[in-house]
Amino acid sequence: VQLQASGGGLVLAGGSLRLSCVASGGTFSGYGMGWFRQGPGKEREFVAAIKWTGGATLYGDSLKGRATISRDITANTVFLQMNSLKPEDTAVYYCAARPRIITSAMGVPSLYPYWGQGTQVTVSS
């Protein structure tokens, strides 16, 4: 399984970004697809996740109310729409994948065996 994240960049506080994660090398039925982030000097933090089949979602506290996760099954792509960005949202954002995961466990990074390379999001004040 390979994951390719993109869409990061430099944005002013209050702005928006849409991250994309293209998945390949597998059949993703039953997978959980997650977004995590890691800021400078911080631990990896859960942002949001979605079940490939059925589309159930789970959100972390960091971007709750400001982020929407979605997927396009035909394009094997997961999206993270982030709005009202703050400087503290500055981080490298990673997408991750795991087969056969229950919705309530999707926020645990150690459960994900597959990770993308990350995309840098920088929010300036």
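Everything discussed here concerns the structure shown above.
In this text, all values refer to a predicted model and were calculated from it rather than measured experimentally. (Residues numbered from 1 in each chain as written. Predicted model: local features only at pLDDT ≥ 70, side-chain atom pairs only at ≥ 80, totals over all residues. Heavy atoms only, no water.)

Run through the sheet that holds strand β7 (residues 67-72), naming residues and quoting values.
Spatial strand order, β1-β3-β8-β7: 4 strands in an open sheet with antiparallel pairing. Of all the strands in the sheet, the pair left with one neighbour each is β1 (2-6) and β7. Neighbouring strand axes in the sheet, compared pairwise and without regard to direction, differ in orientation by 15° on average. The pairing of β1 with strand β3 (residues 17-24) spans 5 bridges and is antiparallel. Paired with Q4 across the bridge in β3 is V22. (Pairing = 2+ DSSP bridges. Helix = DSSP H or I, 4+ residues; strand = E, 2+ residues; numbered from the N terminus. Axes fitted to C-alpha atoms, helices over the stretch in contact; angles between N-to-C directions.)

Which residues make up the pairing of β7, and what values do they have?
Pairing analysis gives 6 bridges linking β7 to strand β8 (residues 77-82), with the strands arranged antiparallel. Following the sheet pairing, T68 is matched in β8 by Q81.

Tell me about the pattern of salt bridges, residues and numbers included.
A side chain of one charge can pair with a side chain of the opposite charge when the charged atoms of the two come close. In this structure the tally under the stated criterion is 3 salt bridges. One salt bridge in this structure joins D89 and R37, with 2.9 Å as the shortest N-O distance. Of the two residues, D89 is situated in the loop between β8 and β9 (91-99) and R37 in strand β4 (residues 31-38); the sequence distance between them amounts to 52 residues. Exposure class is identical for D89 and R37. Each is buried. Through salt bridges with shared partners, a single ionic network connects R37, E45, R66 and D89. (Salt bridge = Lys/Arg side-chain N within 4 Å of Asp/Glu carboxyl O. Buried < 20%, exposed > 50% of the residue type's maximum accessible area, 1.4 Å probe, protein only.)

Give me the lowdown on the environment of Y93, citing residues and values where you can.
Of note, Y93 is situated in strand β9. With a relative accessible area of 0%, Y93 lands in the buried category. C-alpha separation for the pair Y93 and A5, spaced 88 residues apart in sequence, amounts to 8.2 Å. Not counting residues up to four positions away in its chain, the partners in contact with Y93 are L19, W35, F36, R37, V47, L63, L80, M82, G118, T119 and V121. Reaching out from Y93, the side chain makes a polar contact with the backbone oxygen of D89 at a distance of 2.7 Å. (Contact = heavy atoms within 4.5 Å. Polar contact = N/O pair within 3.5 Å; in protein donor to acceptor, adjacent residues only side chain to side chain.)

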